Each structure stands twice: as structure tokens, then as C-alpha cells.
Amino acid sequence: MAGKCSVCGNKIGIFTMTMNFKDGIVCSKCYKSVGMNARSYEIQWAHNTSYMVIKQFKRNHKLINVKAILEKAETIKNNTYKSKLAKIQRQFYNAGVSDLFGTKKEVKALPDILNDDEIVKYATSGFVEENTVLVVCTNQRILFIDKGMLYGIKSTEIPLDMVNGVSYSKGLVLGSISVVNGAKTTEIKNVNKETASLMANAIKKAAIEYKANLQENKSNSTSQIYDLANELRELKSLVNDGIITQEDFEAKKKQILNLK
């Protein structure tokens with residue numbers, strides 16, 4: 001990397017580690033002098049911070065409270081994760097989830113995948129495309145989560161409004177679930193025989209509720225538009241009758257339509 005350290009002024013070599021702040025670049029020798037390391041969250045903090053820190057470095061090689069800031073950021077991140085994981089585990093318990101065989105890593109990844117307003121309706125483990133996955137049905141979608149040792153986390157989903165059909169079958173030991181999404185059918189194999197029907201029914205119920213909510217919101221939106229149109233027609237009739245002026249009408253229309 002070409003250039004010089006904004007603190008010591010030394011030339012930065014190609015293989016020299018740096019910390020990039022908004023107001024300059026600091027070499028590894030200088031950022032280590034204030035207790036910083038090349039940890040991912042410290043690099044992210046340095047890149048995103050709005051503080052102009054180079055002056056602090058130059059003045060006394062000391063970033064005010066940098067360690068406390070970084071530790072606080074990491075603590076908040078950890079507490080948020082733990083809180084979300086505990087919430088998800090309570091939802092698993094309330095939904096009666098009983099089979100998570102081979103998917104502990106996937107469960108631990110859920111806090112980074114689920115939205116804050118998502119509620120787990122049911123979950124189970126199974127095989128999809130020859131891989132063990134965690135199948136999670138929420139109030140918004142069906143998730144297929146696979147966390148491998150080499151390729152990291154792989155998450156695919158089917159929105160509940162795209163579910164056209166769900167069926168299941170049971171063998172002597174294991175069961176399977178089929179989810180129809182348009183022209184595509186996703187097969188979930190090697191599902192615990194006792195949970196196959198529970199998962200299928202949970203998906204059916206969640207899809208029905210989700211589609212009903214979409215329809216209700218659409219109806220409410222249409223009704224609201226109809227009411228606004230009627231209100232504007234009534235105001236226009238007042239203009240035609242000479243009760244209010246056109247200027248009054250325009251001002252009221254902007255207010256009704258929330259126009260600036």
C-alpha cells in the first residue's frame with residue numbers, strides 16, 4: 001500500500017497492516033501503541049467512526065477511551081445476540097420443537113438471520129439436497145439453514161405467500177415433507193416421523209394466516225383510498241357551491257394526501 005502513516009509519517013509498505021480512519025491511515029506500530037489490534041470489529045469501528053482521531057494520535061499517541069469504546073461495542077453486540085438467541089429458544093419451546101438433531105450450529109446462527117418481528121412457528125431437522133439442514137417456519141417464511149465447516153452459512157427461503165401446497169409422508173422410522181413453491185417442489189427428507197406432520201401443518205397454518213393478513217392489509221389500503229376520494233369529492237362540491245375557495249380546497253387536499 002502506498003502512502004505514509006498519518007501519525008508517525010513513516011512510509012507504509014505493501015505488507016504493512018494499517019487501520020483506516022476517516023481522517024487518515026495509521027500503521028500497525030502506531031495503532032498497537034494505543035492497545036488496538038487488527039480484530040474485525042476494531043477495523044469496522046475505525047472505518048465507521050465519526051471521530052477525527054488522527055489529532056489525538058499525534059498529540060499523545062492515545063485515543064481517548066478507545067479501549068472502552070471497543071469493549072462497549074463488543075459487549076452490546078454479544079448481549080444483543082444472547083438476547084435474540086434466548087428469545088428464539090423460548091419460541092422453540094412454546095412451539096413444541098423437539099427434533100433438532102445435527103443442527104446446533106444452525107440454531108446458533110438464527111439470531112443473525114431472523115428479523116426482529118419474526119416468530120418461530122415450528123422447526124425441525126432434515127435432509128435437503130443431501131445436506132442436513134435446520135428447517136424453520138416463521139410467521140413470514142420457511143427457512144432452510146445449513147452451516148458447513150468450509151463454506152460458512154447457507155440460508156435459502158420460501159416466502160409464505162409463495163407456498164402453493166404442503167404434504168408429508170411417514171415411513172417406518174422417518175418421514176418426509178414436500179413444499180410446493182410455484183413450479184418448484186422442495187423435498188425435506190429424513191425428518192423425524194413424529195415431527196413431519198407437525199411441521200407440515202405448521203407451514204399450512206402459517207401460510208394461510210400470512211396470506212389472510214396480506215389480503216386484509218390490501219383491503220384496508222383500498223378502503224382508505226376510497227375514503228380519501230370521497231372526502232375530496234365532498235370538499236370539491238363545497239368549492240362548486242362557493243362555500244370554500246379553490247385555495248382552501250388545495251390546502252386541504254395537501255393535508256389529506258399528506259403532501260408538502
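Details of the structure are given in the entry above.
In this convention, every chain numbers its residues from 1, walking through the sequence in written order. Under the rules for a predicted model, residues below a pLDDT of 70 receive no local features and side-chain atom pairs below 80 are neither given nor counted, while totals for whole chains, interfaces and linings still include all residues. To obtain the side-chain values, all non-hydrogen atoms of the structure were included, while hydrogens and water were left out.

**Q** I would appreciate a short explanation of the overall build of the protein in the present structure.
**A** What counts as a helix is a DSSP run of H or I of at least four residues, what counts as a strand is a run of E of at least two, and both are numbered from the N terminus. Along the backbone of the protein there are seven helices and nine strands. The buried label applies to any residue whose accessible area, calculated with a 1.4 Å probe on protein chains only, is under 20% of its type's maximum; exposed applies above 50%, and partly exposed to all values in between. Burial statistics for the protein: of 260 residues in total, 33% are counted as buried. Contacts spanning at least 24 positions in sequence make up 45% of the contacts within the protein whose residues lie at least 6 apart. Contacts between residues were defined by any pair of non-hydrogen atoms, one from each residue, lying within 4.5 Å.

**Q** Sorry if this is basic, but what is going on with the pattern of salt bridges here?
**A** Pairs can form between side chains of opposite charge whenever their charged atoms are close. By definition here, a salt bridge exists when the distance from a side-chain nitrogen of Lys or Arg to a carboxyl oxygen of Asp or Glu is within 4 Å. Under the defined criterion, the tally for this structure stands at four salt bridges. Here lysine 84 ties to aspartate 116 by a salt bridge, and the two come within 3.5 Å at their closest N and O atoms. Highlighted residues: lysine 84 in helix H4 (residues 66-95) and aspartate 116 in the loop between helix H5 (104-109) and strand E3 (120-128), separated in sequence by 32 residues. With a shortest N-O distance of 2.7 Å, arginine 141 and glutamate 157 are connected by a salt bridge. Highlighted residues: arginine 141 in strand E5 (residues 141-148) and glutamate 157 in strand E6 (residues 152-159), separated in sequence by 16 residues. The class of arginine 141 is buried, set by a relative accessible area of 10%. In this structure, a network of salt bridges that share partners links the residues Glu118, Arg141 and Glu157.

**Q** Whenever I open this one, the pairing of strand E9 (residues 184-192) confuses me. Can you help?
**A** Two faces make up the sheet, and in a regular strand the side chains alternate between them. The pairing criterion for strands is at least two bridges between them, as found by DSSP. Alignment of strand E8 (residues 174-181) against E9, held across seven bridges, turns out to be antiparallel. Across the sheet, isoleucine 177 pairs through a bridge with isoleucine 188, a residue of E9. Counting the residues that bridge the hairpin from E8 to E9 gives two residues, and of these glycine 182 lies at a positive phi of roughly 65 degrees.

**Q** What am I meant to see in helix H6 (residues 193-240) here?
**A** Any helix carries an expected span of 1.5 Å times its number of residues minus one. Taking 1.5 Å as the rise per residue, H6 with 48 residues should run 70 Å; its terminal C-alpha atoms sit 72 Å apart, in good agreement. Three or more residues of H6 are buried, namely Thr195, Ala196, Ser197, Met199, Ala200, Ala202, Ile203, Ala206, Ala207, Leu232, Leu235 and Val239. Pairing of N or O atoms within 3.5 Å defines a polar contact, subject to two protein rules: one partner must be a possible hydrogen donor and the other a possible acceptor, and residues neighboring in sequence count only if both atoms are side-chain atoms. Two to three positions downstream of the cap, the backbone nitrogen of glutamate 194 sits 2.8 Å from a side-chain oxygen, assigning the N-cap of H6 to asparagine 192. Of the residues trailing H6, glycine 242 is marked for its positive phi of about 75 degrees.

**Q** Honestly, the packing of aromatic side chains in this entry has me stumped. Any pointers?
**A** We describe a pair of aromatic rings using the distance from one ring centre to the other and the angle between the two ring planes. For this analysis, a ring pair means two rings from Phe, Tyr or Trp (six-membered ring only for Trp) whose centres lie within 6.5 Å, classed as stacked if their planes differ by under 30 degrees, edge-to-face if by over 60, and tilted for the remaining angles. All chains considered together, the criterion is met by zero aromatic pairs. Definition used: whenever NZ (Lys) or CZ (Arg) falls within 6 Å of the ring centre and also within 35 degrees of the ring normal, the charge is taken to sit over that ring. When the ring centre of phenylalanine 249 is taken as origin, the NZ or CZ atom of lysine 236, which lies over that ring, is 5.1 Å away.

**Q** Please clarify how the packing of H6 against helix H7 (residues 246-256) should be interpreted in this entry.
**A** The axes of two packed helices give the description: the angle between them and the distance between them. Where H6 meets H7, the axes come as close as 9 Å, and the angle between the chain directions of the two elements is 170 degrees. Comparing the axis directions of H6 and H7 gives the class roughly antiparallel. Along the contact surface, H6 presents Leu228, Glu231, Leu232, Leu235, Lys236 and Val239, while H7 presents Gln246, Phe249, Lys252, Lys253 and Ile256. Note on residue categories: nonpolar means Ala, Val, Leu, Ile, Met, Phe, Trp, Tyr, Cys or Pro, charged means Asp, Glu, Lys or Arg, and polar means any other residue, Gly included. Taken together, the residues of the contact of H6 with H7 break down into six nonpolar, one polar and four charged. Only the stretch in contact is used when a helix axis is fitted, and all axes are lines through C-alpha atoms; the angle between N-to-C directions ranges over 0 to 180 degrees. Any angle that falls under 35 degrees is termed roughly parallel, while one over 145 is termed roughly antiparallel, one within 65 to 115 roughly perpendicular, and all others oblique.

**Q** Could you clarify how one ought to interpret the side chain of glutamate 118 in this entry?
**A** Its location among the elements puts glutamate 118 in the loop between H5 and E3. Side-chain polar atoms of glutamate 118 contact the side chain of arginine 141, separated by 2.7 Å. For glutamate 118, the residues in contact, after removing those within four places along its chain, are Gln91, Ile113, Thr138, Asn139, Gln140 and Arg141.

**Q** Is there a simple way to think about the nonpolar core in this case?
**A** In summary, soluble globular proteins display a tendency toward joint burial of nonpolar side chains. In this text, buried Ala, Val, Leu, Ile, Met, Phe, Trp, Tyr and Cys residues form a nonpolar core when linked through side-chain atoms within 4.5 Å. One finds Ile142, Val163 and Ile177 to be the most contacted residues of the largest nonpolar core, which totals 36 residues. Examining the composition of this core, we find that seven residues originate from one element, H6, more than from any other. What valine 163 contacts, discounting residues up to four positions off in sequence, is Ile142, Ile158, Val179, Val180, Ile203, Ala207 and Lys211. One finds Val7, Met19, Cys27 and Tyr31 within the second-largest nonpolar core, a separate group that totals twelve residues.

**Q** Help me out: how do you make sense of a positive patch on the surface in this one?
**A** Within this analysis, patches are made of residues with over 30% relative accessible area and no salt bridge. Like charges are joined at 9 Å or less; nonpolar side chains (Val, Leu, Ile, Met, Phe, Trp, Tyr) at 5 Å or less. Per-residue and other accessible areas were derived by the Shrake-Rupley procedure at a 1.4 Å probe size, with only the shown protein chains allowed to occlude residues. When charges are counted, Lys and Arg are positive and Asp and Glu negative, with His and the chain ends excluded. Charged groups are reduced to one reference atom each: NZ for lysine, CZ for arginine, CG for aspartic acid, CD for glutamic acid. A cluster of basic residues, Lys104, Lys105, Lys108 and Lys147, forms a positive patch at the surface. With three residues, H5 is the single largest residue contributor to the positive patch. Looking at the element boundaries, lysine 104 is found in helix H5. Residue lysine 104 is classed as exposed on the basis of its relative accessible area, which comes to 68%.

**Q** Would you mind going over the environment of valine 173 with me for this structure?
**A** Examined against the element boundaries, valine 173 turns out to sit in the loop between strand E7 (163-170) and E8. Counting along the chain gives 18 residues from valine 173 to valine 191, while the straight-line C-alpha distance between them is 9.1 Å.

**Q** I'm lost on unusual backbone geometry in this one. Help?
**A** Where the residue is not glycine, phi is negative for most of them; where a peptide bond is considered, it is trans in most cases. Despite not being glycine, glutamate 129 has its phi angle at roughly 55 degrees, a positive value. Assignment of secondary structure puts glutamate 129 in the loop between E3 and strand E4 (131-138). Judged by its relative accessible area of 62%, glutamate 129 falls in the exposed class. One non-glycine residue, asparagine 190, adopts positive backbone phi at about 55 degrees. Here asparagine 190 lies in strand E9.

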